[in-house]
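Structural characterization, general
This is what each chain is made of:
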Number of protein chains: 2
Amino acid sequence: MSTRGPIASNSSAPADTEPAPTRRRAPTRRRGDAATTRSHLLESARALADARSVPDFTVDDIAAGAGVSRAAFYMHFENKLAICEEVAQTAQAAFLATLRSFERGADLRATIRAGVQSYIDGYRNDRPGMRMTLELAYAEPSVRDLVHETRSTVYGMWQDEFSRAVETGECPPFDVPVVTRLLVGMLETYCVRTTRTDEYVGTGAEDGDGADVVCELWFRSLGIGD
Amino acid sequence: MSTRGPIASNSSAPADTEPAPTRRRAPTRRRGDAATTRSHLLESARALADARSVPDFTVDDIAAGAGVSRAAFYMHFENKLAICEEVAQTAQAAFLATLRSFERGADLRATIRAGVQSYIDGYRNDRPGMRMTLELAYAEPSVRDLVHETRSTVYGMWQDEFSRAVETGECPPFDVPVVTRLLVGMLETYCVRTTRTDEYVGTGAEDGDGADVVCELWFRSLGIGD
């Protein structure tokens, strides 16, 4: 595995191991420049993924978007897949961080409201990154594993909440693992389809403002509706 | 557009327009042979898609699976994408046919039970085809449109049912377009994840036998629970 692959690349900037450039050709080259270029390349790939599918843009497009040469791209990433994988990993990590940061409420209803909203926010904060992740998951086993890991984490979070609520009698008993997967699946399709498709256009939840309806269906499904 | 593209190819078998083979090289060649080869090629592509992503198999793999040469493949399809698109179109058409064939029940609960089961059956009847459809939808606008068309049809079917139920007072009023999309989204993720991932393994709805739970959540969401 290349040390420039997406897994190792965050912790060891390629500039550390590059031969020192000659003074004449790059007199002001510093580690900071390399990190900036790298970050511009990642941002360029992410921006391209907002409008296009991965096969529809090239390394040249990514380099051009970052204002650097094709050669500069290959100083930082092995190929297009490597940079796309890193965009996906960053997106998933940020999504999970947002998700984990939500504060539980005074009761299950309040907790659901906060949790559903943080899921929607986390998803919408990085639409291109989430989009690229789901696209790559079809063809790349590593990204597929990443997506399943994220979902497992989300399932685990909600299973804990629901199990606690059943134990304390806050909601009636139910098949927690199955219902959790179904409710999280509903929330995920809502996020995917309001960010990537026009399936909700013209409805009352056109642009991510359907959190109330989603929460209401969760409440009803769990028997904690009005 | 090539007349061998996926749209036109069902109705005009390539054999019709091919120059007649010389007697010496293919004395027994008949139109039926061409149709059989074509169908074997489609079946081979579908079977490959069950285990692999589209980039992970080649025209040679498809031809080998059908027991024909690469040249024979190109007598029937322009390229790998063309045959994959046709597999996707066939899968969506069969899925919709199954979905439309369900019989409405005596009340909304019975109708939901029948409709949800037919959706699950339709999906599971052609797991490789549905999988290929969703994969191609990321990169191919024509397949993306196909998927959205299928979903629109499903949304329309359920919106009609739910609107009728609200009108007759069988269930309380609700935001029909949004709730329909959320409930169908939940059902779709259930089908996708029990056929393509192991996210439900170890739960009580491991292998497509979660229709009862899905229906119960629909009932509760619509306020027609027990």
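Predicted, not measured: the structure shown is a model, and the values here were computed from it.

From N to C terminus, chain A includes 10 helices and zero strands. Helices (α) and strands (β) of chain A occur, in sequence order from the N terminus, as α-α-α-α-α-α-α-α-α-α. Classification of the 226 residues of chain A by burial places 48% in the buried group. Put simply, 67% of the contacts in chain A that link residues at least 6 apart link residues at least 24 apart. Summed over its atoms, the accessible surface of chain A is roughly 10600 Å², and 49% of this surface lies on carbon and sulfur atoms.

Now for the packing of aromatic side chains. All names here are of chain A. A full pass over the atoms with the stated rule returns 20 aromatic pairs over all chains. Aromatic pair Phe162 and Phe174: ring centres 5.9 Å apart, planes at 65°, arrangement edge-to-face. Taken as a pair, Phe162 in helix α8 (residues 141-167) and Phe174 in the loop between α8 and α9 (176-196) lie far apart in primary sequence, 12 residues in all. Since its relative accessible area comes to 0%, Phe162 is described here as buried. Taken together, the ring pairs in this structure connect Phe102, Trp158, Phe162, Phe174 and Trp218 into an aromatic cluster. Above the plane of the ring of Phe219 lies Arg109, whose end atom (NZ or CZ) is 4.2 Å from the centre.

Another point: the pattern of salt bridges. Residue and element names in this part refer to chain A. Per the stated rule, a full pass over the model turns up 26 salt bridges over all chains. A salt bridge links Arg46 to Asp126; the nearest nitrogen and oxygen atoms lie 2.2 Å apart. Placement of Arg46 in helix α2 (residues 31-51) and of Asp126 in the loop between α6 (108-125) and α7 (127-139) is noted, with a sequence separation of 80 residues between them. When its relative accessible area of 11% is taken as the criterion, Asp126 is described as buried. The salt bridge partner of Arg131 is Glu135, with a shortest N-O separation of 2.9 Å.

What follows covers the side chain of Arg193(B). Structurally, Arg193(B) is set in helix α8 (residues 176-196). Overall, the relative accessible area of 6% leaves Arg193(B) in the buried class. Apart from residues no more than four positions distant in its own chain, Arg193(B) is found in contact with Arg151(A), Tyr155(A), Gly185(A), Glu188(A), Asp198(B), Glu199(B) and Tyr200(B).

Before going further, it helps to spend a moment on the confidence of the model for chain A. All names here are of chain A. Here chain A averages 85 in pLDDT, while 85% of its residues score no lower than 70. By mean pLDDT, helix α1 (residues 6-9) is the weakest element of chain A at 35, and helix α3 (residues 59-66) is the strongest at 97. Scored below 50 in pLDDT, residues 1-27 makes 28 contacts in the model with residues more than four places away or belonging to other chains.

This paragraph deals with helix α6 (residues 127-139) of chain B. Residues and elements named next belong to chain B. Within α6, 11 of the 13 residues are buried, which leaves it mostly tucked inside the rest of the structure. Among all positions of α6, only Pro128, Gly129, Met130, Arg131, Met132, Thr133, Leu134, Glu135, Leu136, Ala137 and Tyr138 are buried. With a side-chain oxygen positioned 3.0 Å from the backbone nitrogen of Gly129, the residue opening α6 is Asp126.

With that settled, consider the packing of helix α7 (residues 141-167) of chain B against α8(B). Between two packed helices, the angle of one axis relative to the other and the distance separating the axes together describe the packing. All names here are of chain B. Between α7 and α8, whose axes approach to 9 Å, the crossing angle comes to 125°. Here α7 is positioned oblique relative to α8, judged by the angle of their axes. Helix-helix and strand crossings are classified by hand; for α7 and α8 the assignment is right-handed. Packed against α7, whose contacting residues are Arg151, Val154, Tyr155, Trp158, Gln159, Phe162 and Ser163, the element α8 presents Val176, Pro177, Thr180, Arg181, Leu183, Val184 and Glu188 at the interface. Grouping the amino acids of the contact of α7 with α8 by side-chain chemistry returns eight nonpolar, three polar and three charged.

A separate point is the environment of Met75(A). All names here are of chain A. Inspection of the secondary structure puts Met75 in helix α4 (residues 70-76). Using a relative accessible area of 31% as the deciding quantity, one classes Met75 as partly exposed. In sequence terms Met75 and Arg38 are 37 residues apart; their C-alpha atoms lie 9.0 Å from each other.

Moving on, we get to the interface of chain B and chain A. Across the contact, 38 residues belong to chain B and 38 residues belong to chain A. Its largest share of buried area at the contact with chain A, chain B owes to Tyr138(B), Leu182(B) and Glu199(B), together 23% of the area lost on that side. Counting every contact that joins chain B to chain A gives four salt bridges. Arg151(A) is the partner of Glu199(B) in a salt bridge, and the nearest nitrogen-oxygen pair spans 2.6 Å. For the side of chain B that touches chain A, a count of residues per class yields 18 nonpolar, nine polar and 11 charged.

This part takes up the UniProt feature "DNA-binding region" (unreviewed entry) in chain A. UniProt marks residues 58-77 of chain A with the feature "DNA-binding region" (unreviewed entry), using the numbering shown here. Between the end C-alpha atoms of residues 58-77 of chain A the distance is 13 Å, and the span holds 75% helix and 0% strand.

The next thing to look at is the nonpolar core. By size, the foremost hydrophobic cluster in this structure holds 130 residues, and its most contacted members are Ile112(A), Trp218(A), Ile112(B) and Trp218(B). Non-local contacts of Trp218(B), meaning those with residues more than four positions away in its chain, are made with Ile112(B), Val116(B), Trp158(B), Phe162(B), Leu183(B), Val184(B), Met186(B) and Leu187(B).

Closest axis-to-axis distance for the α9(A)/helix α9 (residues 211-221) of chain B pair is 11 Å, and the angle between their directions is 60°. Taken together, the axes of α9(A) and α9(B) are oblique relative to one another. Taken as a pair, α9(A) and α9(B) cross one another with a handedness that is right-handed. Along the contact surface, α9(A) presents Val178(A), Val179(A), Leu182(A) and Leu183(A), while α9(B) presents Val213(B), Val214(B) and Leu217(B).

What follows is about the relation of the copies chain B and chain A. Rotating chain B by 180° about the axis while translating it 0.0 Å along that axis superimposes it on chain A, leaving an RMSD of 0.0 Å. Both chain copies can therefore be described as sitting about a two-fold axis. Across chain B, the rotation axis passes nearest the C-alpha of Met186(B), at a separation of 2.1 Å. Taken as a fraction of all interface residues of chain B, those also at the interface in chain A reach 100%, which identifies the copy contact as same-surface.

The rules we used
Residues numbered from 1 in each chain as written. Chains lettered and ligands numbered in written order. Predicted model: local features only at pLDDT ≥ 70, side-chain atom pairs only at ≥ 80, totals over all residues. Heavy atoms only, no water. Helix = DSSP H or I, 4+ residues; strand = E, 2+ residues; numbered from the N terminus. Buried < 20%, exposed > 50% of the residue type's maximum accessible area, 1.4 Å probe, protein only. Contact = heavy atoms within 4.5 Å. Areas by Shrake-Rupley, 256 points an atom, 1.4 Å probe, with all protein chains shown as cover. Phe/Tyr/Trp six-rings, centres within 6.5 Å; stacked < 30°, edge-to-face > 60°. Lys NZ or Arg CZ within 6 Å of the ring centre and 35° of its normal. Salt bridge = Lys/Arg side-chain N within 4 Å of Asp/Glu carboxyl O. pLDDT = per-residue confidence, 0-100. Polar contact = N/O pair within 3.5 Å; in protein donor to acceptor, adjacent residues only side chain to side chain. Axes fitted to C-alpha atoms, helices over the stretch in contact; angles between N-to-C directions. Parallel < 35°, antiparallel > 145°, perpendicular 65-115°, else oblique. Left-handed = near helix turned anticlockwise from the far one by under 90°. Nonpolar A, V, L, I, M, F, W, Y, C, P; charged D, E, K, R; others polar. Buried area = accessible area lost by both parts, 1.4 Å probe. UniProt positions renumbered as here; feature names shortened; annotations may be inferred. Core = buried A, V, L, I, M, F, W, Y, C linked by side-chain atoms within 4.5 Å. Least-squares fit on C-alpha atoms with pLDDT ≥ 70 in both.

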